[in-house]
Amino acid sequence: PWPAAKWLPLLPIALIGNAIPYSLVGYGQLQVPSGVSAVLVGTMPIWTVLLTHFFSSGARAGERLNAIKLLGALSGLLGIVLLVGPTALDGLSSALLAELALLTAALCWAIGTIYTSMVRSVSPDQSATMTALLSALFMAPLAAAWELPLQDDIPWTAVAALAALGLVATAFGTLLMFRIIVRHGPTMVSLVMYLNPALALIWGALFFGETLQARHFVAFAFILAALYLIDRGRRIALARAAPAE
């Protein structure tokens, strides 16, 4: 987008929605068990449901908090706990600073998603592109300071994996996410945090011979209930805000 002044509203998204939370997750997961990490990061939809209530006037009335939406957010978090299993909270408080970093990352993603839904100076595709580029510019000096020199013998499989993650999981996924945020609001997008671990288990069962247990199906039910309840709560909030005829 041009002129460059249009980039200014995207700077907070690049920092709060990308550079800071991904750095915090990278730090936190080095010290916190993966199960605890999944649960702490999985609080992002709860933060989103709570915070969007304060930015829910007019056309954004569907983001208002109600008991059904809150119940849905908690149902999704319970689903993640069940997916992780008996070890979900093992090691909790063993590395308090790292755990706070993961919680802060979830909060940053919630704030970034809400703010993204309010940016109208550029199109969703432009916003997604510029946010990714600005995040890379912020992170490049830090990576150069702490992680150079690069390995001389990086295998081609690692390069191919990086390209796939960059093009499909990040670039294409970010374009979709920004479009959905603009059209359907931050709460609906935040539900990805519930779907990610569930889909990961399904792919593992389909392609790597991993076994799905009974608790996994119960967890899927809680996550599906979360999707339904939050969408239902959103529709109720919209109906209550509609002017009487």
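Structure first, text after, so check above.
Report on the accompanying structure.

The rules behind these values
- Residues numbered from 1 in each chain as written.
- Predicted model: local features only at pLDDT ≥ 70, side-chain atom pairs only at ≥ 80, totals over all residues.
- Heavy atoms only, no water.
- Axes fitted to C-alpha atoms, helices over the stretch in contact; angles between N-to-C directions.
- Helix = DSSP H or I, 4+ residues; strand = E, 2+ residues; numbered from the N terminus.
- Parallel < 35°, antiparallel > 145°, perpendicular 65-115°, else oblique.
- Left-handed = near helix turned anticlockwise from the far one by under 90°.
- Contact = heavy atoms within 4.5 Å.
- 1 Å grid on protein atoms, 1.4 Å probe; cavity = no way out; pocket = protein on both sides within 12 Å on 5 of 7 lines; lining within 4 Å.
- Points joined across faces, edges and corners; volume = space filled by probe spheres on them.
- Salt bridge = Lys/Arg side-chain N within 4 Å of Asp/Glu carboxyl O.
- Buried < 20%, exposed > 50% of the residue type's maximum accessible area, 1.4 Å probe, protein only.
- Phe/Tyr/Trp six-rings, centres within 6.5 Å; stacked < 30°, edge-to-face > 60°.

This part is about the packing of helix H6 (residues 124-147) against helix H7 (residues 156-184). Where H6 contacts H7, the two axes come as close as 8 Å, and the packing angle between them is 130 degrees. Judged by the inter-axis angle, H6 sits oblique to H7. Both H6 and H7 take part in a crossing whose hand is right-handed. Across the interface between the two elements, Pro124, Asp125, Ser127, Ala128, Thr129 and Thr131 of H6 pack against Thr174, Leu175, Phe178, Arg179 and Val182 of H7.

With that settled, consider the layout of surface pockets. Of the pockets and cavities examined, the largest pocket occupies roughly 1800 Å³. Looking at the largest pocket, it is lined by 49 residues, and the ones nearest its centre are Tyr22, Trp109, Ala169, Thr170 and Thr174. At the level of elements, helix H1 (11-28), helix H2 (34-41), helix H5 (96-116), H6, H7, helix H8 (186-190) and helix H9 (192-207) are the ones that each hand at least two residues to the lining of the largest pocket. The dominant element in the lining of the largest pocket, judged by the number of residues it contributes, is H7, at 14 residues.

Right, let's get into the side chain of Thr43. Mapped onto the fold, Thr43 is located in the loop between H2 and helix H3 (44-52). Discounting residues that sit within four places of it in the chain, Thr43 has contacts with Leu77, Leu103 and Ala106.

Turning to the pattern of salt bridges, a few remarks are in order. Should their charged atoms come close, side chains of opposite charge can pair. Tallied over the full model, the rule gives three salt bridges. In this structure, the salt-bridge partner of Asp125 is Arg179, at a minimum N-O distance of 2.7 Å. Of this pair, Asp125 sits in helix H6 while Arg179 sits in helix H7, and the two are 54 residues apart along the sequence. Where Asp231 meets Arg235, a salt bridge forms, and the shortest distance between an N and an O atom there is 3.0 Å. Note that Asp231 and Arg235 are positioned in helix H10 (residues 214-241) at a spacing of four residues, about one turn of the helix. Residue Arg235 is classed as exposed on the basis of its relative accessible area, which comes to 53%.

Right, let's get into the packing of aromatic side chains. This model, assessed by the stated rule, comprises four aromatic pairs. Plain terms: the ring middles of Trp2 and Trp7 are 6.0 Å apart, the flat faces sit at 75 degrees to each other, and that makes the pair edge-to-face. Ring centres of Phe217 and Phe220 lie 5.9 Å apart, and the angle between their planes is 80 degrees; this geometry places the pair in the edge-to-face category. A residue pair is termed a helical-turn pair when its members lie 3 or 4 positions apart in one helix, as Phe217 and Phe220 do in helix H10 at three residues.

No statement about biological role is implied by the geometric values presented.
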